[in-house]
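The primary structure of each chain is shown beneath.
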Amino acid sequence: MPMHETSLNQTIIDYISGDEIQDTTFEDLRQAIARILVEQRGYPKDRLRTKQRLAYVMDGQPFEKILDLIALDPQGKPILLVMFCPGGLVSYIRQYVAAARIFEGGPIPLLVVTDSREAKLVRCCDGEILKEGFHAFPTWGELVPLAAHHACEKPDPERMVREQRILYAMHDLSGPCCKGQC
């Protein structure tokens, strides 16, 4: 059974942004993933954004989901969403595909979900798993052309509502979560 993320009542410095952020039981794993992307997979730090807010409305009420990490192409378009999931990766894929599809400036064509032991690279237009294991994280040189090859169409308004409903339902099923901090 996955452990719930909780605050450690202290702050740390985010590896990517240099900002002071809340430390949690999973934050060290997120920071390690960011380091791997930069130091081993060749991602430029200035092309990565952490703790991105995804605001959406469901039945007239505003909601928000915090997205762990987004990689931007050289023109600033989001091309990869990376999410840490505390176990059961397959059960998180549909939720984060929905998030990638409705992200402002998106849709984001690729998603990597990881629990720090395994990882899955997912094509967001149809939810197909393209790669598994830690080589699921494409190198920076692979990422830009891979994202272009798997580009997604922006959902029409009706589809946007359905994706928001999926994100809301799946997030709600995950249980109450750190008052919006995870």
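Presented here is an overview of the structure given in this document.

Rules used in this analysis
- Residues numbered from 1 in each chain as written.
- Predicted model: local features only at pLDDT ≥ 70, side-chain atom pairs only at ≥ 80, totals over all residues.
- Heavy atoms only, no water.
- Helix = DSSP H or I, 4+ residues; strand = E, 2+ residues; numbered from the N terminus.
- Buried < 20%, exposed > 50% of the residue type's maximum accessible area, 1.4 Å probe, protein only.
- Disulfide = S-S within 2.5 Å.
- Expected span 1.5 Å × (residues − 1).
- Bend = angle between axes of the 7 residues up to and from the residue.
- Pairing = 2+ DSSP bridges.
- Right-handed = clockwise from strand over helix to strand, strands pointing away.
- Core = buried A, V, L, I, M, F, W, Y, C linked by side-chain atoms within 4.5 Å.
- Contact = heavy atoms within 4.5 Å.

## A closer look at the environment of A169
Item 1. With respect to the element layout, A169 can be found in helix α4 (residues 157–173).
Item 2. Overall, A169 belongs to the partly exposed group, its relative accessible area being 35%.
Item 3. Expressed as a C-alpha distance, the spacing of A169 and Q95, which sit 74 residues apart in the sequence, is 8.4 Å.

## With respect to the state of the cysteines
Item 1. All told, the structure shown has zero disulfides when counted by the stated rule.
Item 2. A disulfide-free cysteine, C125 has its sulfur positioned 4.5 Å from the sulfur of C152, the nearest such atom.
Item 3. Relative accessible area serves as the criterion here: at 38%, C125 is assigned to the partly exposed category.

## Thoughts on helix α2 (residues 89–102)
Item 1. Taking 1.5 Å per residue as the helical rise, α2 with its 14 residues ought to reach 20 Å, and the 20 Å between its terminal C-alpha atoms agrees with that figure.
Item 2. The sharpest bend along α2 measures roughly 25° and falls at Q95.
Item 3. Counting buried positions along α2 gives 11 out of 14 residues, so the element sits mostly inside the fold.
Item 4. Every buried residue of α2 is listed here: L89, Y92, I93, Q95, Y96, V97, A98, A99, A100, R101 and I102.

## Side note on the pairing of strand β4 (residues 61–72)
Item 1. As paired strands, strand β3 (residues 48–58) and β4 are joined by 10 bridges and run antiparallel to one another. When the sheet's bridge partners are listed, M58 is paired in β4 with Q61.
Item 2. Bridging between β4 and strand β5 (residues 78–84) involves four bridges; their strand directions are antiparallel. Directly across from L72, in β5, lies its bridge partner P78.
Item 3. As consecutive antiparallel partners, β4 and β5 are separated by five residues, and within that stretch G76 has a phi angle of approximately 90°, a positive value.

## Let's talk about the pairing of strand β6 (residues 110–114)
Item 1. Counting buried positions over the five residues of β6 gives five, a clear majority of the element.
Item 2. Side chains of β6 alternate between two faces, with L110, V112 and T114 and L111 and V113 buried alike.
Item 3. Handedness of the crossover joining β5 and β6 through α2 is recorded here as right-handed.
Item 4. Pairing of β6 with strand β7 (residues 119–123), which is carried by five bridges, proceeds in the antiparallel orientation. If you follow L110 over to β7, its bridge partner there is R123.
Item 5. In textbook terms, the turn of a hairpin is the stretch between consecutive antiparallel strands, and for β6 and β7 this stretch comprises four residues, one of which, S116, has a positive phi near 80°.

## Brief notes about the nonpolar core
Item 1. With 26 residues, the main nonpolar core has L67, L81, M83, Y96, L111 and V113 as its most contacted residues.
Item 2. Those elements that place two or more of their residues in this core are β3, β4, β5, α2, β6 and α4.
Item 3. Broken down by element, this core gets its largest block of residues, nine residues, from α2.
Item 4. Filtering out sequence-adjacent residues up to four positions away, L67 remains in contact with T50, K51, Q52, L54, L81, M83, A99 and F103.
Item 5. Listed in part, the 24 residues of the second largest apolar core include L48, F84, F137 and W140.

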